[in-house]
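# Summary of the model geometry
Single-letter residue listing:
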Amino acid sequence: MRLREFKPSVTIFFWKLYSADVLRKYDLKFNGRAKMKHRKFGIFIGKKIIRLLILLMVVCIASFWLIEQSPIDPVRAYIGEMSIQPEQRALLEEYWGVNTPSHEKFFNWAKNLLNGDFGVSLIYRMPVTHVIKERFTASLILMASSWLLSGVVGFILGIIAGMNSGSLIDKAIKTYCYVLIATPTFWLALILLLVFSVYLGWFPVGLSVPIGLTAEEVTLFDRIQHLILPTLTLSVLGVAQIAMFTREKLIEVLSSDYVLFAKARGEKGLDLVLRHGVRNVALPAITLQFLGFSELFGGAVLVEQVFSYPGIGQATVAAGLRSDVPLLLGIVLVSTVFVFLGNLIADIIYEFIDPRIKQQEATQ
Amino acid sequence: MTASGTISKGLFRGFNLRQKTILLTSFISLLLIAIVASNFFIDNRSMSTDFESKNLAPSFDHPFGTDWMGRDMFIRTLGGLGLSIMIGAIASTISTILSIILGLLSSVGKIEDSFVSWLVDVFLSIPHLLLIILISIGLGGGATGVIMGVAFTHWTSLTRIVRAEIKQLKTQGYIQVSRNFGKSKWWIAVKHFMPHLIPQFILGTILMFPHAILHEASVTFLGFGLSPHEPAIGIILSESMRYLSAGYWWLAFFPGLSLLIVVLSFDMIGENLDKLMNPKKAHE
Amino acid sequence: MTSNAEITVERTKGDEALLKVKDISLSFSQYTSGLRKTEIKVISNLSMEAYSGEVLAVVGSSGSGKSLLAHAILGILPSNAKLSGKMEYKGQELTQERKEKLRGNEIALIPQSVNYLDPLMRISDQVIGNVEKKSEKLMKELQRDIFHKYDLKSDVDRMFPHELSGGMARRVLVSTALMNSSKLVIADEPTPGLDEKNLNETLSYFRDMANKGCAVILITHDIEAALKISDKIAIFYAGTILEEANIEDFKNDGENLRHPYTRALWNALPQNKFQAIKGHQPMQDEVIDGCFFYERCSIRDEHCSKGTPQLKMINEGLVRCNNVS
């Protein structure tokens, strides 16, 4: 009995030893690297969160200070053009804390912020969080669609220009991009509005949904119809930067040693560009596109204003013009997080996805 | 194809790339100077209202048409461009000075350096346009608000360039020698770094111009900038919005196009100067 | 330049050269500060021949434009390059069109470093290259075979270039030339920074290729390495070839060497007199009328400073010098 039991266990023992050895080898090669990567990623994200918190704190203080400097009268902002009794005014002044010292006001505001209370918007008469949520969702659709469109079209144009650099088509694309970069966003929006809405009548002149309809009655078609022109404006401008970048990067890649070698091995034409060019340009281009969230937001502000698209951009302008301080500060914070996220994704691509970076670390 | 083949074609046949670049740059510069200069010759009468000739489409008398008060849009546009260029000049200059100071500050020491790059990060973390609006509001709006808003937000890229340039200069031998002689950090910064950086500053200012002008116009268009009485392009365009559905396209078209041309001109001057200074880029 | 239609001298060997390079010159136009245009001459009136089954070493100092010679043969020069002269491959003129057809096929390049591999492409995909779908499997097997021969384990297939060690990279680069039925292999500086053992191993790959019937052009700055495996050595100086010597000429203290520069190089070797030669090569933007070696030559006379010396056949080797016979 004992012997019979012993024998297989010996085999198993040796098998285990062997496999453990094999596994360990693989472990070191693959899992080991993966584990290291996970840990590194954890530290990376942790650092980024701390950075974001510090950043938000600074932005809070700075933007609060800036608004405090300005001659804004919250009471006037609240009541608008109405005339009121002095007693009521005094009451409102106390409510808005006109006469409390700045630092006290700041701490009150910050304390509420920490509790998730951004205050009440003066012009929309509802919680700032509510306004931002609704407005940002609308803008996000606009920004996401134009971001994607400009990214794809820009990348393709950049590749075409880069692989034909010096040719007529390259010059045409380059000129197009130069002109677009110099074009005022709002002017382009006006021109498109003029051509497509006023003259051709293809699109409505304003608002993201037809007036007089409740939310349920608005069809998807309506929404899309109101989205097309703003998206087009925003992406037409976004194309320029990514196309120029892709073009330059592709020219750089095409003059690299490895493309030279690929040519020496008989690769050529579109195949060569697709095999080596696109492969090496794609990641930097995507990274750049993520770094463009700040410009995207700015563009959205202008475009929404022209097309009366009820997004966060329009709310920003309204809040600024009509001195809606809680809303304005809320938007500043949210847009800061928005830009931060774009940069964070770009960093992640750069540090964790592009294998070339690992190479540099390995040689260090 | 050889490079000489591509140059001797087109409009500038017979010139080499150097002559062509210099010629083009001078021509564009003259155009811009003419726009600014013309502002001093516009007398108030031509800006005045004339209700007998309101809302006229472009014609020989009024190349850009007239607005609802009968004002000549060409003259209004010219005035707006002049104003934009001047605001752009002031803002770019302030921005450049800021980047000189911060760039040099970053060369002083490690703490200063990380402070400067942190400051750059903070300024880049809020959407650019929003930050200009915020600063403009903080300073009470108006011309000062816009100029400062634009000036305080455009120094970041040039500061980064200056910082990188200084880092590279620091590795040079003569800087080390200077340091060994016991020269102070500021002395080195001013005596050794500045001469190398001055071309960068000039180029940086010119390249900043188009951005500054565009941002000024945008902020004004949104209503945070210059007051409605000023003949700014942003004001003209925001007013034109009210008349678009009436079909008065010239109110928006020409002023915006002129702005585009001015911005493009500054871009071209910057690019060409860059090419003259960094000939490697001319090969493309 | 007076030297046209040069190598007309009959070879003792009966067979035709696989590659004939006749009197090629290469120059670049460039912009300098302020957009002034200048011309830089990199190769002038260079002639050489490569034979099947032989290793021809092109030896010259680093940065003297030897790589560009390889690029010129392959037709992969940048667009601002101007190439003149004539090349023949298998007796027919080697036009740009023909170069494009032949490269990666009959003519292979072995580059100098791992930088010549796409940093984002896995090794096996790169070595196999761009092939049609149907032959993919076959090529994969061939690649595995070659890797096996060079002792590259199967996990190398899935690696990225930056994961290769120096020795591995060298073998991967060499194996690219074996993927096709190459008849002419141009190895560009394949041996920098290798230790004795690796150097000999790499060199043996090239000897192998030649023994199997390839013509190998070994471009190097290392004359000692070249001497180990080459049949002929061409001395590259200031953009031209001053001498093409047979390997035997380097024996007997280099007595049979023809050109004073080759002698000087020979004498500079540690195992010989270890005497460095004074002066430096002329700069690429210098315009020189006369022998390129004039400034440093020990046997020059006044007519060496005017007109480039003709290439002449002396003792079964070629030399570009007025004063040897």
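Just so it is clear, the structure is predicted and the values come from calculations on it, not from any experiment.

Rules and cut-offs
Residues numbered from 1 in each chain as written. Chains lettered and ligands numbered in written order. Predicted model: local features only at pLDDT ≥ 70, side-chain atom pairs only at ≥ 80, totals over all residues. Helix = DSSP H or I, 4+ residues; strand = E, 2+ residues; numbered from the N terminus. Rg over C-alpha atoms; globule rule 2.2 N^0.38 Å. Buried ≥ 20, exposed ≤ 12 C-beta atoms within 10 Å, placed from the backbone. Contact = placed C-beta atoms within 7 Å. Nonpolar A, V, L, I, M, F, W, Y, C, P; charged D, E, K, R; others polar. Pairing = 2+ DSSP bridges. Axes fitted to C-alpha atoms, helices over the stretch in contact; angles between N-to-C directions. Parallel < 35°, antiparallel > 145°, perpendicular 65-115°, else oblique. Left-handed = near helix turned anticlockwise from the far one by under 90°. Domains from an automatic or database assignment. Core = buried A, V, L, I, M, F, W, Y, C linked by C-beta atoms within 7 Å. pLDDT = per-residue confidence, 0-100.

What follows concerns the overall build of chain C. Tallying secondary structure elements over chain C gives 8 helices and 12 strands in all. Its C-alpha radius of gyration of 20 Å places chain C within 12% of the 20 Å reference for a compact globule of 325 residues. Counting only C-alpha atoms, chain C reaches 65 × 50 × 40 Å along its principal axes. Burial statistics for chain C: of 325 residues in total, 40% are counted as buried. Excluding contacts between residues fewer than 6 apart, the proportion of contacts in chain C whose partners are at least 24 apart in sequence is 66%.

This next bit is on the overall build of chain B. Across its full length, chain B holds 12 helices and 0 strands. The order of α-helices and β-strands along chain B, N terminus first, is α-α-α-α-α-α-α-α-α-α-α-α. A total of 284 residues make up chain B; the buried ones form 44% of that total. Restricting to contacts in chain B with at least 6 residues of sequence separation, those with at least 24 account for 68%.

Let us now look at the interface of chain B and chain A. With 38 residues of chain B at the contact, the number on the chain A side is 42 residues. Secondary-structure elements contributing two or more residues to the side of chain B that touches chain A are helix 5 (110-125), helix 6 (128-138), helix 10 (185-222) and helix 12 (250-277) of chain B. Of the residues belonging to the side of chain B that touches chain A, the class tally is 26 nonpolar, 10 polar and 2 charged.

We now examine the pairing of strand 11 (residues 311-314) of chain C. As defined by bridge partners, strand 11 of chain C adjoins strand 12 (residues 317-320) of chain C across 4 bridges and the pair is classed as antiparallel. When the bridges of strand 12 of chain C are listed, C:Leu311 appears paired with C:Arg320.

Below, the discussion takes up the packing of helix 4 (residues 73-108) of chain B against helix 7 (residues 142-151) of chain B. All names here are of chain B. For the pair helix 4 and helix 7, the least separation of the axes is 8 Å and the interaxial angle reads 45°. On the basis of their axis angle, the class for helix 4 and helix 7 is oblique. Handedness of the helix 4/helix 7 crossing: right-handed. Listed contacts from helix 7 to Ile87, Ile90, Ala91, Ile94 and Ser95 of helix 4 are Val146, Ile147, Val150 and Ala151.

What follows deals with the domain arrangement of chain C. Residues and elements named next belong to chain C. Domain parsing of chain C yields domain 1 (4-29 + 38-106 + 182-319) and domain 2 (120-180). Taking only C-alpha atoms into account, the centre of domain 1 sits 30 Å from that of domain 2. Between domain 1 and domain 2, the residue contacts involve 7 residues of the former and 6 residues of the latter. The element best represented in the side of domain 1 that touches domain 2 is helix 6 (residues 196-211), accounting for 3 residues.

Our focus in this paragraph is the nonpolar core. Among the nonpolar cores identified, the biggest contains 220 residues, and A:Ala189, C:Val185, C:Phe206, C:Val216, C:Ala234 and C:Ile235 are the most heavily contacted of them. At 16 residues, helix 10 of chain B tops the list of elements feeding residues into this core. Inspection of this core shows a minimum of three residues originating in each of domain 1 (4-29 + 38-106 + 182-319) and domain 2 (120-180) of chain C. Sequence-distant contacts of C:Val185, that is, excluding residues within four places in its chain, are made with C:Ala108, C:Ile110, C:Ala177, C:Met209, C:Cys214 and C:Val216.

Let us look at unusual backbone geometry. All names here are of chain C. Phi is positive for Glu189, which is not a glycine, with a value near 50°. Structurally, Glu189 is set in the loop between strand 7 (184-188) and helix 6. On the basis of neighbour counts, which here come to 18 C-beta atoms within 10 Å, the residue Glu189 falls in the partly exposed class. Of note, Ala238 is a non-glycine position whose phi angle comes to about 50°, a positive value.

Let us now look at the environment of B:Arg163. All names here are of chain B. Tracing the sequence through the fold places Arg163 in helix 8 (residues 156-170). Arg163 sits 67 residues away from Thr96 along the chain, and the two C-alpha atoms are 13 Å apart. Those residues within four positions of Arg163 in sequence are excluded, and the remaining contacts are Gly103, Ser106 and Val116.

Here the focus is the pairing of strand 9 (residues 232-237) of chain C. Residues and elements named next belong to chain C. For strand 9, a buried count of 6 out of 6 residues is recorded, marking the element as mostly surrounded by other parts of the structure. Taking every second residue as pointing to the same face, both faces of strand 9 are buried, with Lys232, Ala234 and Phe236 on one and Ile233, Ile235 and Tyr237 on the other. As defined by bridge partners, strand 3 (residues 55-59) adjoins strand 9 across 4 bridges and the pair is classed as parallel. Of the residues in strand 9, the one forming a bridge with Val58 is Ala234. Summarising the sheet, strand 9 and strand 10 (residues 240-246) pair through 6 bridges and their orientation is antiparallel. Bridged to Ala234 within strand 10 is Glu244. Hairpin connection between strand 9 and strand 10: a loop of 2 residues separates the two successive antiparallel strands, and Ala238 in this loop has a positive phi of roughly 50°.

Our next topic: the interface of chain C and chain A. With 20 residues of chain C in contact, the opposing surface of chain A contributes 19 residues. Classifying every residue of the side of chain C that touches chain A gives 10 nonpolar, 7 polar and 3 charged.

With that out of the way, let us pick up the sheet that holds strand 3 of chain C. Residue and element names in this part refer to chain C. A sheet is described by the order of its strands in space; here 8 strands give the open sequence 6-7-8-3-9-10-12-11, paired in mixed fashion. Each of the sheet's edge strands pairs with one partner strand only, and the pair in question is strand 6 (107-110) and strand 11. Between one strand axis and the next, the sheet turns by 20° as a mean value, whatever way the strands run. The sheet contact formed by strand 10 and strand 12 spans 2 bridges and is antiparallel. Residue pairing in the sheet places Glu244 in a bridge with Leu318 of strand 12. Relative to the sheet, helix 6 contacts strand 3, strand 7 and strand 8 (215-220), its axis offset from that of strand 8 by approximately 155°.

Our focus in this paragraph is the confidence of the model for chain B. Residues and elements named next belong to chain B. In this model, chain B carries an average pLDDT of 79, and 85% of its residues clear a pLDDT of 70 or more. Within chain B, the element-level pLDDT minimum falls on helix 1 (residues 3-7), averaging 38, and the maximum on helix 6, averaging 90. Confidence drops under pLDDT 50 across residues 1-10; counting only partners more than four residues distant or on other chains, this segment forms 12 contacts.

Now for the environment of A:Ser323. Inspection of the secondary structure assignment puts A:Ser323 in the loop between helix 12 (312-321) and helix 13 (325-353). The spacing of A:Ser323 and A:Phe290 is 33 residues in sequence and 31 Å in space, taken between C-alpha atoms.

Residue and element names in this part refer to chain C. Residues at a pLDDT of 70 or more form 92% of chain C, whose mean pLDDT is 81. Strand 11 is the least confidently modelled element of chain C, averaging 77 in pLDDT, while strand 8 averages 91, the highest of any element. Both scores are available for the predicted complex, with the pTM at 0.80 and the ipTM at 0.84.

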